[in-house]
Each structure stands twice: as C-alpha cells, then as structure tokens.
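Residues per chain, in single letters:
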Amino acid sequence: MPDPMYTDFRLVAEPLLRIAQDTAATLGPDWRVEAILSSAIVVHPIGFRVCLDDGTDRVLLTAHVSVSRNKRSPLEDVTAEVRTADHETTVRRTVQAIRTQILPHFGREDAVAGLRVLSLPLRDAGINAVAQGSTEKTYIEYRPELLLANTHAYDEGERRPLGVIITSPGDDTTRVEIRIPHLPIREAARITAAVMPRVYTLVEVAEHLPEEVHQLAAEFPGFTAKHVASNVPRYTDLVDPSDVIRIRHAVVVKQDGTENHSQTFAAVWLRNATVAQAYAVLSAYAS
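Residues numbered from 1 in each chain as written. Predicted model: local features only at pLDDT ≥ 70, side-chain atom pairs only at ≥ 80, totals over all residues. Heavy atoms only, no water.

A. Representation of the side chain of E34. Here E34 lies in strand β1 (residues 32-36). The buried category is assigned to E34, whose relative accessible area is 10%. A polar contact is formed between the side chain of E34 and the side chain of R32, at a distance of 2.9 Å. If we skip the residues at most four places from it in the chain, E34 touches Y6, F9, S39, A40, I41, V43 and R49. (Helix = DSSP H or I, 4+ residues; strand = E, 2+ residues; numbered from the N terminus. Buried < 20%, exposed > 50% of the residue type's maximum accessible area, 1.4 Å probe, protein only. Polar contact = N/O pair within 3.5 Å; in protein donor to acceptor, adjacent residues only side chain to side chain. Contact = heavy atoms within 4.5 Å.)

B. Expanded view of the packing of helix α1 (residues 14-27) against helix α2 (residues 87-102). One way to put it is that α1 packs onto α2 with a least axis distance of 9 Å and a crossing angle of 55°. When the interaxial angle is binned, α1 and α2 end up oblique. The chirality of how α1 crosses α2 is right-handed. Together, R18, I19, D22, T23, T26 and L27 of α1 and H87, T90, V91, T94, V95, I98 and R99 of α2 make up the contact between the two elements. (Axes fitted to C-alpha atoms, helices over the stretch in contact; angles between N-to-C directions. Parallel < 35°, antiparallel > 145°, perpendicular 65-115°, else oblique. Left-handed = near helix turned anticlockwise from the far one by under 90°.)

C. Region of the structure containing the packing of aromatic side chains. Enumeration according to the criterion identifies three aromatic pairs in this entry. Taking the centre distance of 4.9 Å and the plane angle of 45° together, the rings of F48 and F106 count as tilted. Taken as a pair, F48 in strand β3 (residues 48-55) and F106 in the loop between α2 and α3 (111-118) lie far apart in primary sequence, 58 residues in all. Taking 5.6 Å as the distance between ring centres and 50° as the angle between the ring planes, the aromatic pair formed by F220 and F223 counts as tilted. For the pair formed by F220 and F223, the shared burial category is buried. Pairwise contacts between aromatic rings join W31, F48 and F106 into one cluster. (Phe/Tyr/Trp six-rings, centres within 6.5 Å; stacked < 30°, edge-to-face > 60°.)

D. Quick peek at the sheet that holds strand β2 (residues 39-44). Across the sheet, which stays open at both edges, the five strands sit in the order β1-β2-β3-β4-β5 with antiparallel pairing between neighbours. Edge positions in the open sheet fall to β1 and β5 (76-83), since each of these has one partner strand only. Strand-to-strand twist in this sheet, taken as the mean axis angle between neighbours without regard to direction, amounts to 25°. (Pairing = 2+ DSSP bridges.)

E. Inspection of the layout of surface pockets at higher detail. Taken as a whole, the largest pocket encloses approximately 380 Å³ of empty space. In terms of lining residues, the largest pocket is bounded by 19 residues, among which R99, Y279, A280, S283 and A284 are the most central. When contributions to the lining of the largest pocket are tallied by element, the ones reaching two or more residues are α2, α4 (120-124), α5 (185-192) and α7 (275-286). The dominant element in the lining of the largest pocket, judged by the number of residues it contributes, is α7, at six residues. Considering only residue class, the lining of the largest pocket consists of 12 nonpolar, four polar and three charged. In this structure, the second largest pocket occupies an estimated 320 Å³ of space. Lining the second largest pocket are 22 residues, with G157, E158, R160, L183 and P184 positioned closest to its centre. Its residues assigned to classes, the lining of the second largest pocket shows seven nonpolar, eight polar and seven charged. (1 Å grid on protein atoms, 1.4 Å probe; cavity = no way out; pocket = protein on both sides within 12 Å on 5 of 7 lines; lining within 4 Å. Points joined across faces, edges and corners; volume = space filled by probe spheres on them. Nonpolar A, V, L, I, M, F, W, Y, C, P; charged D, E, K, R; others polar.)

F. Local environment of the pairing of β2. Of all the six residues making up β2, six are buried; the element is thus mostly covered by neighbouring parts of the structure. Side-chain alternation along β2 places S39, I41 and V43 on one buried face and A40, V42 and H44 on a second face that is also buried. In the sheet, β1 pairs with β2 via five bridges, with the strands oriented antiparallel. When the sheet's bridge partners are listed, E34 is paired in β2 with I41. Linking two consecutive strands that pair antiparallel, namely β1 and β2, is a turn of two residues; a positive phi of about 55° is found at L37 within it. The pairing of β2 with β3 spans five bridges and is antiparallel. What sits directly across from V42, in β3, is V50.

G. Representation of the environment of R234 within the structure. Position of R234 among the secondary structure elements: in strand β11 (residues 234-239). When its relative accessible area of 26% is taken as the criterion, R234 is described as partly exposed. Taking C-alpha positions, R234 is 5.4 Å from A250, a pair spaced 16 residues apart along the chain. Not counting residues up to four positions away in its chain, the partners in contact with R234 are P210, E212, H227, A229, H249, A250 and V251.

Here it is as structure tokens:
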C-alpha cells in the first residue's frame with residue numbers, strides 16, 4: 001500500500017502536478033507520481049526518483065544519485081532546469097531533460113546500476129533481451145547467435161541483434177560497449193544521431209575507396225574512413241574523432257550465374273561510451 005506521506009498532493013500546484021503526471025505517462029508504463037510537500041516526484045520501481053519543483057518560468061529537476069559502492073558515501077545531487085512554455089512543450093522538455101540529463105547519472109555507481117538504466121528503453125519497448133553479470137561487468141544480449149554472423153537475411157522492419165557490455169572497475173567509472181550489426185545505412189545514422197559530434201571538421205575520403213564508402217561518409221560528416229578488409233565481406237570503418245563511435249560498412253558480393261549481386265549494410269559500435277551516450281543509442285534502437 002502506498003505511503004500516505006507520498007500520496008498527499010494538496011500542496012503541489014495544479015500545473016506542476018499535471019506536468020508531473022504527463023511526464024510520468026510519457027516516460028513509460030512503470031512510472032508513477034508521488035509528492036512530498038509542494039514537490040512532485042516521478043518514480044520508477046527500479047529505484048529512480050526525480051523531484052520536480054515549481055520555479056519562476058521553469059521546472060526544476062533534482063535527483064540524488066549514488067556514485068560509489070561504499071554505501072556510507074554521500075549521494076550526489078544532479079539537477080536540471082526546464083524552461084516552461086505551453087503544457088505539451090513543457091512536458092516534452094521535461095521528459096527529454098530527465099532522459100538525457102538525469103537518468104544516466106543513476107548508472108554511475110557500478111555495472112549493475114548501469115544495467116538498470118540501460119535496460120529501461122528495452123523493457124519499455126518489450127524487447128526480450130537477456131541480462132547477466134556482476135557489479136564490475138554486466139551484459140545485455142538480444143539474439144546473440146547473430147551478433148558474429150557475417151550476413152543474415154532480415155524481414156522488413158525486423159529488429160537487429162544487440163550486444164551490450166557494461167564495465168565498472170571502480171567508483172564512478174562505468175563505461176559501455178554496444179554492438180548492433182546488419183543495419184541499413186540510414187538506420188545506423190538514425191540510431192547514432194543523438195551522439196554524433198555537433199562540431200566537426202570535414203574529412204576527405206580517399207578516392208580509391210569504393211563509391212558506397214563515399215556515400216556512407218556523407219551520412220557521417222567528420223568521421224574518418226579506414227579500410228579494414230578486402231575479402232568477403234569487404235569492410236570499411238568510419239570512426240568519429242573521439243574514437244567512441246565506429247560505423248563498420250560491409251559489402252557482400254554474391255555470384256548468381258554470370259551476374260554479381262551486392263548487399264551492403266552497416267554495424268554500429270560504441271566503445272568506452274558513457275552511460276548517457278549508451279542510453280541515447282539504446283533508446284533510438286528500441287524506438
């Protein structure tokens with residue numbers, strides 16, 4: 001039974017309460033709203049709590065997160081501000097701020113904490129991924145038998161395999177590796193759009209590389225093309241300046257009688273990514 005202390009909304013301003021309720025509904029089916037004094041709180045049963053307070057022309061967001069495995073260490077305050085507008089815009093901004101500026105911090109304590117955060121978009125989308133591991137390393141896998149396959153035939157709109165490794169060798173050191181193979185080029189661009197560098201220097205693609213690599217590079221400006229292998233499949237990597245995002249482009253040529261048929265696809269790799277970067281990519285993957 002809910003604690004009456006957190007279900008008394010009489011001191012919460014009605015506009016703020018409506019923002020909190022619609023924010024929780026948008027975040028996902030497991031989120032609910034509680035209150036303490038004049039503050040509204042959006043709560044997830046995994047243990048995420050984000051406080052919403054009414055500021056002047058803005059909503060103030062606050063969460064208290066653990067960044068240490070030592071349970072005696074003080075929690076760290078994480079805050080964000082959302083400038084108010086009409087109700088729908090304010091809710092959209094609040095949801096975005098929670099997902100990008102607040103939630104990833106809940107994954108900083110260790111690899112299990114990272115798993116709790118990064119599993120959210122997959123859970124909400126009903127993706128039956130398998131997770132296991134310890135505080136130092138956890139794994140999320142979806143259709144792992146296809147992760148290492150060179151090629152595979154997919155139906156239209158069929159979800160691609162997923163491999164996630166979350167490591168945390170010490171306090172506040174959580175890092176993530178993600179692998180998503182066999183994507184159409186445009187889908188790889190969509191999935192990584194939120195973590196693409198906003199400022200970049202255009203990098204010329206070597207003329208000797210195949211035309212499809214030049215086309216791929218146009219989707220990922222600022223990335224450097226690196227030829228990997230010339231056999232079947234033929235691989236070329238595009239790497240961002242931070243070396244966190246890697247797009248591996250593959251070309252498979254099959255002979256049918258006297259005719260050659262080519263198939264192209266791209267794999268998304270994230271290496272040494274932050275929880276925030278990984279959360280953005282997995283949210284796009286799950287959508």
